[in-house]
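Here's the letter readout for the chains.
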Amino acid sequence: MTPSNKASLSRRSFLKTSALASGGMLIGFNLFNACKPEAKVPLDISKLNFNDFNAFIKISDEGIVTIFSPNPEIGQGVKTSMPMIIAEELDVAWKDVHVEQAALDTKNFKRQLAGGSQSVRLGWKALRQTGATAKQMLVSAAAARWGVDVSECSVKEGIISNSKGETLGYGDVVNEAATLEVPEDVNLKEPKDFKIIGKGKRNVDIDKIITGKPLFGLDYKEEGMLYASVLRPPAFGQILESFDASQAKAMQGVVDVITIGEKARHYLENHLEEDKYNGWTAQMSPSNKVVVLAKSTWDAIKGKKAIKAVWKQDSELESTEMHDKVLLDLLNGNKFETKRKDGNIKSAFAKADKVIERIYESPFLPHNTMEPMNFFASVTPDKVRLIGPVQTPEPAANVVSKMLGRDIDQVSVEMTRMGGGFGRRLYGDFVYEAAEISNSIQKPVKMVSTREDDMTMGVYRPAIKYKIAASIKDGEITGYHLKEAAVNVNMYGLIPHFFPAGAIKNYQVDTANYKSNITTGAWRAPYTNFLASAEQSFFDELAEELGVDRVQLHMDLLEQVKNNPEPNIKYSPERLQGVLKLVVDKSNWGKAASGVYQGLSVYYCHNTHVAEVADIIIENGTPVVQKVTCAVDCGILVNPLGALNQVKGGVIDGIGHAMYSDFGFNKGVPQSNNFNTYQLIRMAQTPKVDVHFVESDIDPTGLGEPTLPPVGGAVANAIYKATGKRLTKQPFMDNLNAKKSIAV
Amino acid sequence: MPTFTLKINNEKHTVEADADTPLLWVLRDKINLVGTKFGCGIGQCGACTIHVDGSAMRSCLLQVSQAEEMDITTIEGLSEKGDHPVQQAWKDIDVPQCGYCQAGQIMTASAFLNETPNPSREDIRHAMNGNICRCASYNSIEEAVKVAAEKLS
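Chains are numbered independently. Their residues run from 1 in the order of the written sequence. Written order determines the labels here, with chains lettered from A and ligands numbered from 1. Local features are withheld for residues below a pLDDT of 70 in this predicted model, meaning they are given only at 70 or higher, and side-chain atom pairs are given and counted only at 80 or more; totals for whole chains, interfaces and linings count all residues. The side-chain values count all of the structure's non-hydrogen atoms but skip hydrogen atoms and water molecules.

### A closer look at the overall build of chain B
For chain B, the helix and strand inventory stands at five helices and five strands. Helix and strand assignments come from DSSP, with helices taken as H or I runs of at least 4 residues and strands as E runs of at least 2, each series counted from the N terminus. Written out in order from the N terminus, the α and β elements of chain B read β-β-α-β-β-β-α-α-α-α. In this scheme, a residue with accessible area under 20% of its type's maximum is buried, one over 50% is exposed, and one in between is partly exposed, where area comes from a 1.4 Å probe on protein chains only. Across the 153 residues that make up chain B, the buried fraction comes to 63%. Throughout, a contact is declared for two residues whenever any of their heavy atoms are within 4.5 Å. Within chain B, residue pairs in contact and separated by at least 24 positions form 55% of the contacts whose partners lie at least 6 positions apart. Note on areas: Shrake-Rupley, 1.4 Å probe, and residue coverage restricted to the protein chains presented here. Of the accessible surface of chain B, which amounts to about 5,600 Å², a share of 42% is contributed by carbon and sulfur atoms. Charge separation in chain B, taken as the distance between the mean sites of 13 positive and 20 negative side-chain charges, equals 6 Å. In this charge count, Lys and Arg are treated as positive and Asp and Glu as negative; neither His nor the chain ends contribute. Charge coordinates come from a single atom per side chain, which is NZ of Lys, CZ of Arg, CG of Asp or CD of Glu.

### Focus on the sheet that holds strand 24 (residues 608-619) of chain A
Residue and element names in this part refer to chain A. Pairing in this open sheet of four strands is mixed, and the strands run 23-24-25-28 from one edge to the other. Of all strands in the sheet, those bounded by a partner on one side alone are strand 23 (597-605) and strand 28 (688-693). In this sheet, neighbouring strand axes are inclined to one another by 20° on average, regardless of whether the strands run parallel or antiparallel. Paired strands, as defined in this entry, are two strands with at least two bridges between them according to DSSP. Across six bridges, strand 25 (residues 622-633) lies against strand 28 in parallel orientation. When the sheet's bridge partners are listed, V632 is paired in strand 28 with F693. Contacting strand 23, strand 24 and strand 25, helix 18 (residues 708-723) crosses the sheet at an angle of about 160° to strand 23. Orientation is described by axes fitted as lines to C-alpha atoms, over the contacting stretch for helices, and by angles from 0 to 180 degrees between their N-to-C directions.

### Brief notes about helix 14 (residues 528-546) of chain A
All names here are of chain A. The end-to-end C-alpha distance of helix 14, which contains 19 residues, comes to 25 Å, matching closely the 27 Å that a straight helix rising 1.5 Å per residue would cover. Counting buried positions along helix 14 gives 17 out of 19 residues, so the element sits mostly inside the fold. G547 lies just past helix 14 and shows a positive phi near 70°. Expected helix span is taken as 1.5 Å per residue step, with the number of steps being one fewer than the number of residues.

### Brief notes about the environment of T133 of chain A
Relative to the elements of secondary structure, T133 of chain A occurs in helix 3 (residues 119-146). Each C-alpha atom, one on T133 of chain A and one on D185 of chain A, is 8.2 Å from the other, the two residues being 52 residues apart in sequence.

### Quick notes on the sheet that holds strand 3 (residues 49-52) of chain B
Residue and element names in this part refer to chain B. As summarised here, the arrangement of the five strands in space is 2-1-5-3-4, forming an open sheet in which the pairing is mixed. Edge positions in the open sheet fall to strand 2 (11-16) and strand 4 (55-58), since each of these has one partner strand only. Direction aside, the axes of adjacent strands within the sheet are offset by 45° on average. Across the sheet, helix 3 (residues 102-115) lies against strand 3, strand 4 and strand 5 (71-73), angled at about 35° from strand 3, the strand it touches most.

### Let's talk about the environment of I8 of chain B
Residue and element names in this part refer to chain B. Mapped onto the fold, I8 is located in strand 1 (residues 3-8). Take I8: its relative accessible area is 1%, and that puts it in the buried class. Sequence separation between I8 and I72 is 64 residues, and the spatial gap between their C-alpha atoms is 4.7 Å. Among all residues touching I8, those that are not within four sequence positions of it are H13, L27, I31, L33, I72 and T74.

### Re the nonpolar core
Within this scheme, the nonpolar core is defined by two criteria: the residues are buried Ala, Val, Leu, Ile, Met, Phe, Trp, Tyr or Cys, and they are joined through side-chain atoms within 4.5 Å. One finds I655 and V715 of chain A together with W90 and V145 of chain B to be the most contacted residues of the largest nonpolar core, which totals 107 residues. Once you skip the residues sitting within four places of it in the chain, I655 of chain A turns out to touch V625, V628, Y660, I681, P687, V711 and V715 of chain A. Core analysis: the next-biggest nonpolar cluster, separate from the first, contains 52 residues, Y466, L531, L546 and L600 of chain A among them.

### A word on the pattern of salt bridges
All names here are of chain A. Criterion for a salt bridge: a side-chain nitrogen of Lys or Arg within 4 Å of a carboxyl oxygen of Asp or Glu. Throughout the structure, instances matching the rule amount to 44 salt bridges over all chains. In this structure, R128 and E89 form a salt bridge, with 3.0 Å as the shortest nitrogen-oxygen distance. Taken together, the residues R128 in helix 3 and E89 in helix 2 (residues 78-90) connect sequence positions 39 residues apart. With relative accessibility at 4%, the residue R128 sits in the buried group. Judged by its relative accessible area of 1%, E89 is buried. When the shortest N-O distance is used, the salt bridge between D633 and R575 registers 2.7 Å. Here R575 lies in helix 16 (residues 573-587) and D633 lies in strand 25, a separation of 58 residues in the sequence. Judged by relative accessible area, R575 falls into the buried class, the value being 15%. Connected through salt bridges with shared partners, the residues E88, D91, K135 and K189 form a single ionic network.

### Details of the packing of aromatic side chains
Residue and element names in this part refer to chain A. Ring pairs shown here join Phe, Tyr and Trp side chains whose ring centres sit within 6.5 Å, with only the six-membered ring taken for Trp; geometry is labelled stacked below 30 degrees between planes, edge-to-face above 60, and tilted in between. Taken as a whole, this structure holds 23 aromatic pairs over all chains when the rule is applied. Seen from their ring centres, W124 and F194 are 6.3 Å apart, and the 85° between their planes marks the pair as edge-to-face. Linking W124 in helix 3 with F194 in the loop between helix 4 (170-177) and helix 5 (206-211), this pair joins segments that are 70 residues apart in sequence. Between the aromatic rings of Y492 and Y527, the centroid separation amounts to 6.2 Å while the plane-to-plane angle is 75°, which identifies the pairing as edge-to-face. Of the two residues, Y492 sits in the loop between strand 21 (476-487) and strand 22 (506-514) while Y527 sits in the loop between strand 22 and helix 14, which places them 35 residues apart along the sequence. Of the residues examined, Y492 reaches a relative accessible area of 28% and is grouped as partly exposed. For Y527, a relative accessible area of 14% corresponds to the buried category. Taken together, the aromatic side chains of F236, F364, Y460, F663, F665 and Y678 make up a single cluster linked through ring pairs.

### Details of the interface of chain A and chain B
How big an interface is tends to be expressed through the accessible area that disappears when the partners come together. The partner chain B presents 53 residues to the 64 residues of chain A that form the contact. By buried area we mean the combined loss of accessible area, with a 1.4 Å probe, across both parts when two parts are placed together. Contact with chain B buries area across many residues of chain A, yet I210, M370 and M683 of chain A alone supply 17% of it, more than any other trio. Any pair of nitrogen or oxygen atoms within 3.5 Å is treated as a polar contact; in protein, a donor-acceptor pairing is required on top of that, and neighbouring residues in sequence qualify only through side-chain atoms on both sides. Linking chain A with chain B are 34 residue pairs in polar contact (both at pLDDT 80 or more). Broken down by secondary-structure element, the contributors of at least two residues to the side of chain A that touches chain B are helix 5, helix 8 (297-305), helix 13 (451-456), helix 17 (640-659) and strand 28 of chain A. In terms of residue count, the dominant contributor to the side of chain A that touches chain B is helix 17 of chain A (eight residues). Charged residues are taken to be Asp, Glu, Lys and Arg, nonpolar residues to be Ala, Val, Leu, Ile, Met, Phe, Trp, Tyr, Cys and Pro, and polar residues to be all remaining types, Gly included. Tallied by class, residues from the side of chain A that touches chain B come to 26 nonpolar, 23 polar and 15 charged.

### Describing the packing of helix 3 of chain B against helix 5 (residues 138-152) of chain B
Residue and element names in this part refer to chain B. At a minimum axis distance of 11 Å, the contact between helix 3 and helix 5 shows a crossing angle of 40°. In terms of orientation, helix 3 lies oblique with respect to helix 5. Taken as a pair, helix 3 and helix 5 cross one another with a handedness that is right-handed. Where helix 3 approaches helix 5, its residues Q102, Q105, A109, F112 and L113 are matched on the opposing element by I141, V145, A148, A149 and L152. By the definition adopted for this analysis, an angle is roughly parallel if under 35 degrees, roughly antiparallel if over 145, roughly perpendicular if from 65 to 115, and oblique otherwise. Throughout, a crossing is termed right-handed when the near helix is turned clockwise from the far one, and left-handed when it is turned anticlockwise from it by less than a right angle.

### Notes on the domain arrangement of chain B
All names here are of chain B. Per the annotation, domain bounds derive from an automatic or database assignment of domains. Segmenting chain B into domains produces domain 1 (3-77) and domain 2 (85-152). In this structure, domain 1 and domain 2 have C-alpha centres spaced 21 Å apart. Contact residues are listed per partner, giving 17 residues for domain 1 and 13 residues for domain 2. Regarding the contact of domain 1 and domain 2, the summed buried area is about 1,200 Å², with carbon and sulfur atoms giving 56% of it. Only strand 3 and strand 4 provide two or more residues apiece to the side of domain 1 that touches domain 2. The residue makeup of the side of domain 1 that touches domain 2, split by class, is six nonpolar, nine polar and two charged.

### Observations regarding the pairing of strand 2 of chain B
Residue and element names in this part refer to chain B. As paired elements, strand 1 and strand 2 share six bridges and run antiparallel to each other. Bridging from a neighbouring strand, F4 pairs with V15 of strand 2. The turn joining strand 1 and strand 2, which pair antiparallel and follow one another in sequence, is formed by two residues; a positive phi near 50° is taken by N9.

### Side note on helix 1 (residues 23-30) of chain B
Within helix 1 of chain B, seven of the eight residues are buried, which leaves the element mostly enclosed by the surrounding structure. Structurally, helix 1 of chain B contributes buried residues whose contacts are with strand 9 (226-231) and helix 8 of chain A together with strand 1, strand 2, strand 3 and strand 5 of chain B. A positive backbone phi angle near 65° is found at N32 of chain B, which sits one or two residues after helix 1 of chain B.

Rendered as structure tokens:
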């Protein structure tokens, strides 16, 4: 695949420039959508309007470049990598580039969210074209001033030179450049000429992070702000019956105790049906909640503990035991929806020499972002200001405006840096709670959650079980049948077209679900975070059954896909083969030292191809993951430093949750509420992650999620080699009779 | 409410708070030093780590009434210009992802290296085991502690 170096979007519609009243040039552009023909770039940067453009670049007359990036930063690194792409084509020194998280006017949002590992992939072309266009206009301005042809000019780090050896900085010509017409066609660099892309750049917020500057939602405060702690039903299925706040109200730091819920009910009754933000309000309940308002966080937390509440049952109080039973019943039943069907599974299974069938099981998981859910809201007669860590500002503004019966123009949302997301901050419970509280008292308020609140008010990864069956005939896999039973929602539409779709003639994916009152949602790499582990364990068994090498089995299946191309599959067989070869080469596959057991996994999701080998040893009867070799094909590597962090983090996160983390319910009550009973992986349990990227000049794809899903399979397969035990149920450690060590 | 006088980052602060208020919330809400982070409130995650008389402590477990007379250092006071060798190492390695836990990690690492100047890999992994990083930047933290140890020696 040869990358195009010509811009191809309609340029007039996605990019405009203007001369700033304060000097310099402002470029408005749109990463994902075309703009309206009448779109205008403001003359004043305080009036940035994200309706027409969703990002802006300012080039000052000192040649300093400021990029206003509205994309939320949750630790995935886009606040660094997206500006790098602009700076590359603009041809400026990275040190002359400043990045600002833009303040947002939500009325004017277009696709500003962090999710699905898509920011860099979708922004790639637009970001490059924007940088290249600005550069071309600056060069044209310099050429005009010199009276030479543009072709005689060259640029290096923001300095334009001509063939006579004269030079002009971007700042010298920026005011003239801003008056030029935006060119229709610009040349993009060849990847071989990249100077910033492909070179590791540090997190743009690094200095603030290491010195403890206020950055996060929990750090944000305003004069006169109160702290609010919310008492919610302790069990899913319960609602508030009554409460006694006399003791709390008598506390010195407590300002007031109120209830909220009326506005949420108003929304549920009047607006839920028109709610296009499917899931954003998943947790909205008609129950009243008790809110303690206090002068400090601690006063609010203490006040809440002093509330005596009585709860009553409103719907079923569900337990893990019951979920296990319903999901297994679903898997063994016939209430499925077929998501993909190739050939004839029934006939393949009937004619088979052998059919292998396994069930794989995973628990609910909370997200446990290190920064617990919180949000600032200030509701006054003329304005609703919402500030804090949220991955989805657009629904925040819309839902709150409807909930409070306010014009959308009166609602603004600003995003802080987020202390982790993993999907949790796609949902908005903490935003509308804060808004309803502030609306009730007409004062600025910060809704704060304790860890206990955070872990028990989750939008959890749902418990899911898979039944996978394959038929073998004459030494070949002739049929593959995947059944999914999930709580609440099933896999999204692309997943049935991932490997092994296209590689096995008779192939079928069926799904069924059980509707629970426990709120569930996206969790880093939704669905594949467990599916990959299950399928990659299953393929290990298949290879063993067939008596073929695990790597060879995959290479052969992928070869068949190459020979019989199937237009609907989402992965590239060539690129999956590429990462397999690379991981085999780098991991010493098959040649591990005595006492080291290796397991392999290879997977495609979120547009990125990944292969992983886990090396484990057995220490005091317990498996210890020593090393994971990870081969990744994400196309062009934008920021190798940030990419390494994402890959290593994804792998270790995946190991932690596959091996240790468990979350259950008893009569609707979550069975863990803090890190003394819920285990997250800690440093002593972490392997070294050895990362290798496939060299590529294909357009980049995302890295926030794709290295997590396969690793569970690699670990399970390695444990099998060491112990002879096939682990089909997560967390693995619970099935190894291993000693649990949760707390420190 | 009673008042307490605290010595934080070499400055005296007098605050009014309930005696049982964790120092964490005094720092964050009353003195506006928000670099010390709240993660769990029960001493399990390390996000709130500070130095008390040079040793790493969880500020969520230390009550304000116990903190008088103590020499308290927070991330804001670890170095004047953000250039403590541990901070420099964090920057060299580009450790943070979301960044929320990193102040606590840095405070744990800097107290540890003060007591253990030439740590082994196992020493580092043991010393840092009380600090959770949900982004799982553990490989980079481990590397940065090693780099900082070299800078300090």
